[in-house]
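Chain by chain, the residues run as shown.
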Amino acid sequence: MFTKFKQILLLVVMISGGTLFSSAQVVNKLSLDDAMRMALKNNTNMLNSKLDMQIAQKKIWEVTASGLPHIDVTSAYQHLFVVPTLNFNNMLIPLGVANNVTADIQVSQLIFSGSYFVGLQASKAYSDMAKQNDEKSKLDVIETVVNTYHMIQLAEESRKILSQNLDNINKTLYEITEMNKQGFVEETDVDQLQVTVNTVKNAINQIDSNLDMAYRLLKIQLGLEDTTKIELSDPMESDDLLVKTSMQLLDEQFNLDQSVDYKIIQSSEQFAKFDLKLSKAAFLPTISGYYNHHIQLNTSSFNFTPKDLIGINLSLPIFSSGERLAVVAQKRMAFEKAQNTRKLVSNSLLMQATQYRNDVKLKLEKYLNQKKSNELSNEIYLRTIEKYKQGVSTSMDLMNSQNQYLTNLTGYYQSIYDLQQAKSQLEKLFNINQNIPDKQPAK
């Protein structure tokens, strides 16, 4: 039984080792720009957005082609069980043939249609809307990737600091344990330090779990397989660099006309305008011309069917009991609603710009305060450790300063993430970070 268990354990180790070895062979190190470029290329939302743009281009051609010449061919086979005849001077003249195959080739061309010209304008606006939606998808994807990238950076840095902290605590715990063996400190002091060690270990384990999920999320956003190994190459933005980029962003001015949300609402208003024009075009005539060529394989002696025919069709709406007028009235009111919505969105975006700018200011101030608090709590914690070793401070003092330090450390990293998230939100509104520099070739 024991031998079988060892065989199973060995198999598991071999499989696990093989998996680790294969996954470690290829590691994709990504800068933030690399991640954004990869997401814009492989993200599912971006792939669908590109397809929507292609669909819009095909839609333009569909509408355009409806006004271009059309050629249609129709064919028919006909069998007469009894062929009618004409008695002329005692001569029976057949007026048809028993079996016949006919074919008609017709060329048609739209000459005038109000609906066609309005539809052609609307299809181009539809293409513009697809481009605007692609622009918005691009901003959305960039925002999510940036936030996830920053979240991983902060978690990695936090884990690094906590690991260093755990090493220091373990060292202190070893020293206190030895002192306890010599009778210089009580057992309670050792236990309280052990509680602190366990607390830090639990915090590291939680970070490891969060990191695993964050990396999985980033791979989904980048369109990568879950088995792909990735690492971040950019250092965490903090200290003077974080303050500098935040201040630069606050100096940016909001241009309403550059806002993709405003562009989209303008396009919606334009569609409502085209819809109104389309309803008015229902009062206009539709004119088309055609040419028809008729072919018969078998013909009778008397065949008066013309082989070639040219003509013009005219469709003129005259009376609809007010139906078309009611439709026009509805479309006019819908257009007015679209205009009101555009004004509302315009004011909302201006207010949002002010709100997001103030949010960055507040988060920047909070970060600076939290940074100072973190530095002070770290100094207090280090001094308390030394005092504790000298017997001046109690184990309770050490544990309290440790908890204070961990709380401020968590708050410090949270303030960085909050500031970066506020910046990302404002950059998206300002339409910044869309033009990602091309990757420089390796030298």
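Look a little higher up for the structure.
Let us look at the structure shown here. Worth saying up front: this structure is predicted, and the values here are computed from it rather than measured. (Residues numbered from 1 in each chain as written. Predicted model: local features only at pLDDT ≥ 70, side-chain atom pairs only at ≥ 80, totals over all residues. Heavy atoms only, no water.)

What the protein contains, in helices and strands, is nine helices and eight strands. For 443 residues, the compact-globule estimate of 2.2 N^0.38 gives 22 Å, and the protein exceeds it by more than 25% at 39 Å. The dimensions of the protein, computed from C-alpha atoms along their principal axes, are 145 × 70 × 50 Å. A buried classification covers 35% of the 443 residues belonging to the protein. Within the protein, residue pairs in contact and separated by at least 24 positions form 82% of the contacts whose partners lie at least 6 positions apart. With the model as given, the accessible surface of the protein reaches about 27,500 Å², and the carbon-plus-sulfur share is 57%. In the protein, 45 positive and 47 negative side-chain charges are present, and the distance between their average locations comes to 5 Å. (Helix = DSSP H or I, 4+ residues; strand = E, 2+ residues; numbered from the N terminus. Rg over C-alpha atoms; globule rule 2.2 N^0.38 Å. Buried < 20%, exposed > 50% of the residue type's maximum accessible area, 1.4 Å probe, protein only. Contact = heavy atoms within 4.5 Å. Areas by Shrake-Rupley, 256 points an atom, 1.4 Å probe, with all protein chains shown as cover. Lys, Arg positive; Asp, Glu negative; His and termini not counted. Charge placed at Lys NZ, Arg CZ, Asp CG, Glu CD.)

Residues Ile 71, Val 73, Ile 105, Val 107, Tyr 291, Ile 295 and Ile 310 make up a contiguous nonpolar surface patch of roughly 620 Å² in combined accessible area. Within the residue set of the nonpolar patch, elements represented by two or more residues are strand S2 (70-79), strand S5 (99-113) and strand S7 (286-296). The residue Ile 295 is located in strand S7 in this model. Take Ile 295: its relative accessible area is 32%, and that puts it in the partly exposed class. (Patch = residues over 30% accessible without salt bridge, like charges linked within 9 Å, V, L, I, M, F, W, Y side chains within 5 Å. Salt bridge = Lys/Arg side-chain N within 4 Å of Asp/Glu carboxyl O.)

With that settled, the discussion passes to a positive patch on the surface. On the surface, Lys 273, Lys 277, Lys 280 and Arg 332 cluster together into a patch of positive charge. Within the secondary structure layout, Arg 332 lies in helix H8 (residues 323-389). Here Arg 332 falls in the partly exposed class, since its relative accessible area comes to 36%.

Within a sheet, each strand pairs with its neighbour through backbone hydrogen bonds, oriented either parallel or antiparallel. One open sheet accounts for four strands, arranged S2-S5-S7-S8; its pairing is antiparallel. This sheet does not close on itself; its edge strands, each paired only once, are S2 and strand S8 (308-315). On average, each strand axis in the sheet is tilted by 25° relative to the strand beside it, whichever way the strands run. Taken together, the eight bridges between S7 and S8 define a ladder with antiparallel strand orientation. Along S8, the bridge assignment pairs Asn 292 with Leu 309. (Pairing = 2+ DSSP bridges. Axes fitted to C-alpha atoms, helices over the stretch in contact; angles between N-to-C directions.)

Turning next to helix H3 (residues 44-65). In a regular helix each residue adds 1.5 Å, so 22 residues correspond to 32 Å; H3 covers 31 Å between its end C-alpha atoms and thus fits that length. Residues of H3 that are buried include every one of Met 46, Ser 49, Ala 56, Ile 60, Val 63 and Thr 64, and no others. Relative to the axis of H3, the buried residues are bounded by an arc of 105° and lie together on one face. In H3, those exposed residues whose orientation departs by more than 90 degrees from the buried face are Thr 44, Gln 54, Lys 58 and Trp 61. Lining the buried residues of H3 we find helix H2 (32-42) and helix H4 (114-181). Of the residues that open H3, the one with a side-chain oxygen 2.9 Å from the backbone nitrogen of Asn 45 is Asn 43. (Expected span 1.5 Å × (residues − 1). Arc of directions from axis to C-beta. Polar contact = N/O pair within 3.5 Å; in protein donor to acceptor, adjacent residues only side chain to side chain.)

Turning our attention to the pattern of salt bridges. It is possible for side chains of opposite charge to pair when their charged atoms get near one another. All told, the structure shown has 17 salt bridges when counted by the stated rule. Linking Lys 423 and Glu 237 is a salt bridge whose minimum nitrogen-to-oxygen distance equals 3.2 Å. With Lys 423 in helix H9 (residues 395-429) and Glu 237 in the loop between strand S6 (229-232) and helix H6 (239-250), this residue pair connects regions lying 186 residues apart in the sequence. We classify Lys 423 as buried; its relative accessible area is 6%. For Glu 237, a relative accessible area of 15% translates into the label buried. Within this structure, Asp 140, Glu 143 and Lys 428 form a network of salt bridges that share partners.

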